[in-house]
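Close look at the chain arrangement
Listed here are the chains, written in short residue letters.
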Amino acid sequence: MNSGIDLEMSFTQGVQNLGLSNELAHLLWIPLPMLLVLVSAVIGVLVTVWLERKISAAAQQRIGPEYAGALGILQPMADGLKLLVKEDIIPARADNVLFTVGPILVLVPVILSWLIVPFGQNLLISNVGIGIFLWIALSSIQPIGLLMSGYSSNNKYSLLGGLRAAAQSISYEIPLALAVLAIVMMSNSLSTVDIVEQQNTAGFLSWNIWRQPVGFIIFWICALAECERLPFDLPEAEEELVAGYQTEYAGMKFALFYLAGYINLVLSALLVSVLYLGGWGFPISIDWFSSLIGLSIDNPLVQIIAASLGIVMTILKAYLLVFLAILLRWTTPRVRIDQLLDLGWKFLLPISLVNLLVTASLKLAFPMTFGG
């Protein structure tokens, strides 16, 4: 198996060559990945906000933002600066501690979930053995923050929004976890790296979307519901709840909700790419590519090209899904709360259970194809 580029090992060896100890080299490495995650997440949000505005404008035959920078590319940064300097208002009868902790509980688990997203064989922060279920565990913390924010605001609309968010998250986490379990069953691993490697044995024909089309649809619907994207934005339905759980929030606290929503959307798209679309793999095999240019697969130039293409492919697949999510916002009507819960409990849950049982049967019947 080609081990690819190991950034941590290269960094520690480079630092040790300068005369520092191995322990100090590892200590210097620790903050770099976290800083990289934060920068990547924020840049991803800025790009997604700009794309949403331009695509939404195109869908409605408008121009969209164009004055703040070329084609309006600086508009998201201007909005962020505006939220940063706005006054932080706390309602007179609100619970100050819960009101402040709520947005933090919403944002922090989403950022931590980026630790398990692989952009290459060794291009990820932490290759933990239970990576994909670590993401599910972290995402289950978010509704607590939303419910806490709605309750502490001392506002009936905020409370309703928080309750809706909790009910929605519980309804869609179960079929999402069952869809992931089918992938885990085929891959024989909970590691996101192992799941991608298992899909890259025969180019794009070995991607999980061909073996798990139903699971792919279930996962994508549940991911949209977890991100509270239309048609599942019931927790903050403007026509019914003013703005839901974030009604009383202003300034930077409101920005944390805004940031968490978009980071979660990009993260969900990346995980769909990893689980179903081959992650960093591209349609042609790297072995075929290296033989085409007449170099060994272990050649540093081939490794750098493969790593670069892997990052590009992962991001391209993710932003294709982000594009679809933005189009869905302007092409589907918002569902009612009873329809939303019925879809989760009465439709997606039984189908995800059947999909899991069928996957188990196919794994026994066709072990070569379904990872027996």
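Before going into details, it helps to say that this report is about the structure given with it.

Each value, and the rule that gives it
Residues numbered from 1 in each chain as written. Predicted model: local features only at pLDDT ≥ 70, side-chain atom pairs only at ≥ 80, totals over all residues. Heavy atoms only, no water. Helix = DSSP H or I, 4+ residues; strand = E, 2+ residues; numbered from the N terminus. Contact = heavy atoms within 4.5 Å. 1 Å grid on protein atoms, 1.4 Å probe; cavity = no way out; pocket = protein on both sides within 12 Å on 5 of 7 lines; lining within 4 Å. Points joined across faces, edges and corners; volume = space filled by probe spheres on them. Nonpolar A, V, L, I, M, F, W, Y, C, P; charged D, E, K, R; others polar.

The step from Leu-230 to Pro-231 runs through a cis peptide bond, and the omega angle for that step is 5°. Residue Gln-61 is not a glycine yet carries a positive backbone phi of 55°. Assignment of secondary structure puts Gln-61 in the loop between helix H3 (31-59) and helix H4 (75-85). The backbone phi angle of Asn-188 is positive, close to 60°, even though this residue is not glycine. When you line up the elements, Asn-188 lands in the loop between helix H8 (156-187) and helix H9 (192-199).

Inspection of the secondary structure assignment puts Ser-352 in helix H16 (residues 337-365). When neighbours within four sequence positions are excluded, Ser-352 is seen to be in contact with Pro-175, Leu-178 and Ile-218.

Here we take up empty space enclosed by the protein. The probe, sized like a water molecule, is rolled over the atoms to show the empty space still left. Enumeration according to the criterion identifies two cavities of 30 Å³ or more in this entry. Quantified by volume, the largest cavity comes out at close to 70 Å³. Around the largest cavity, the lining residues are Trp-135, Ser-139, Gln-142, Glu-173, Leu-176, Ala-223, Glu-226, Asn-264 and Ser-268. For the lining of the largest cavity, the secondary structure elements donating two or more residues are helix H6 (131-139), H8, helix H11 (213-226) and helix H13 (251-276). Class assignment of the residues belonging to the lining of the largest cavity gives a composition of three nonpolar, four polar and two charged. The calculated volume of the second largest cavity comes to roughly 40 Å³. Looking at the second largest cavity, the residues that line it are Pro-109, Val-110, Ser-113, Trp-135, Leu-138, Ser-139, Gln-142, Asn-264 and Leu-267. Elements with a contribution of two residues or more to the lining of the second largest cavity: helix H5 (96-113), H6 and H13. Residue composition of the lining of the second largest cavity, grouped by class: five nonpolar, four polar and no charged.

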